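Observations on chain architecture
Each chain, letter by letter, is given below.
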Amino acid sequence: MTATISANEIRITRVYEAPVALVWDAWTDLAQVAQWWGPRGFTITTISKDLRPGGTWVYTMHGPDGTDWPNFTRYHEVEKHKRLVYDHGASSADTKPMFRVTVDFRDIGGRTELDMCMTLATTEEANQARANIKTHGGNSTWDRLAEYLEKETSSKE
């Protein structure tokens, strides 16, 4: 599938060698998400998570240098095994989110295509986000997810 993206969007599409239900659970189950969420060297502590439209996920990312990054996410759409839409990048309920995230989970013959689009307010904000992702090794997050899923699928076979 070819998707046109705007200059204010960042799109990541990956195929994982795992069924949709397993990928979904890795994204939504607190114990699993703690195993892979964030760039290499980062860990997370979840304060609360309410996975439903209007619900929130409040967590802190801990950087390898000891810096704590408070995160606040508000869910708008939750369609089990299919789609998540949420606002992300705020540090609390009182701060403006940095971007809207749409994640689609597609079954492709027992594997999962994950299509994630982050929409920022402006092209400049998108360019700054790209630079931050690069600086902090953010793309390694998706490699960590693949490694986690590989471990999960190989232990279940």
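Summarised in this report is the structure supplied together with it. On a predicted model such as this, the values are computed, not experimentally measured, just so you know. (Residues numbered from 1 in each chain as written. Predicted model: local features only at pLDDT ≥ 70, side-chain atom pairs only at ≥ 80, totals over all residues. Heavy atoms only, no water.)

Let's shift gears to the nonpolar core. The biggest cluster of nonpolar side chains holds 35 residues, and the ones touching the most others in it are Trp27, Trp36, Trp37, Val103, Phe105 and Leu149. Put simply, the parts of the chain that give this core at least two residues each are strand 1 (9–16), helix 1 (20–28), strand 3 (56–62), strand 5 (83–90), strand 6 (99–108), strand 7 (111–120), helix 3 (123–135) and helix 4 (140–156). With six residues, helix 1 is the largest single contributor of residues to this core. Aside from chain neighbours lying at most four places away, what touches Trp37 is Trp27, Phe42, Ile44, Trp57, Tyr59, Met61, Tyr86 and Arg144. (Core = buried A, V, L, I, M, F, W, Y, C linked by side-chain atoms within 4.5 Å. Buried < 20%, exposed > 50% of the residue type's maximum accessible area, 1.4 Å probe, protein only. Helix = DSSP H or I, 4+ residues; strand = E, 2+ residues; numbered from the N terminus. Contact = heavy atoms within 4.5 Å.)

A few words now on the packing of aromatic side chains. Applying the stated criterion to the full structure yields twelve aromatic pairs. Centre to centre, the rings of Trp27 and Phe105 are 5.9 Å apart; their planes meet at 85°, and the pair counts as edge-to-face. Here the residue Trp27 occupies a position in helix 1, and Phe105 occupies one in strand 6, the gap between them amounting to 78 residues. Judged by its relative accessible area of 3%, Trp27 is buried. Taking the centre distance of 5.8 Å and the plane angle of 10° together, the rings of Trp27 and Trp142 count as stacked. Note that Trp27 is positioned in helix 1 and Trp142 in helix 4, a separation of 115 residues in sequence. Here the two residues Trp27 and Trp142 agree in accessibility, since each one is buried. The rings of Trp24, Trp27, Trp36, Trp37, Trp57, Tyr59, Phe105 and Trp142 are connected pair by pair, giving a single aromatic cluster. (Phe/Tyr/Trp six-rings, centres within 6.5 Å; stacked < 30°, edge-to-face > 60°.)

Next up on the list: the sheet that holds strand 1. Sheet architecture is open: seven strands sit in the order 1-7-6-5-4-3-2, paired in antiparallel fashion. With partners counted over all chains shown, the strands left at the sheet margins are strand 1 and strand 2 (43–49), one partner each. Pairwise comparison of adjacent strand axes, ignoring direction, gives a mean angle of 20° for this sheet. Sheet analysis places strand 4 (residues 68–79) next to strand 5, joined by six bridges and oriented antiparallel. (Pairing = 2+ DSSP bridges. Axes fitted to C-alpha atoms, helices over the stretch in contact; angles between N-to-C directions.)

Inspection of the entire model under this criterion finds eleven salt bridges. The partner of Asp104 in a salt bridge is Arg106, with the nearest N and O atoms 3.8 Å apart. By relative accessible area, which is 13% here, Asp104 ends up buried. Arg106 serves as the salt-bridge partner of Glu113, at 3.0 Å between the closest nitrogen and oxygen. Given the relative accessible area of 17%, Glu113 is considered buried. Residue classification places Arg106 among the partly exposed residues on the basis of a relative accessible area of 26%. One salt-bridge network, held together by shared partners, links Arg11, Glu77, Arg83, Asp104, Arg106, Glu113 and Asp115. (Salt bridge = Lys/Arg side-chain N within 4 Å of Asp/Glu carboxyl O.)

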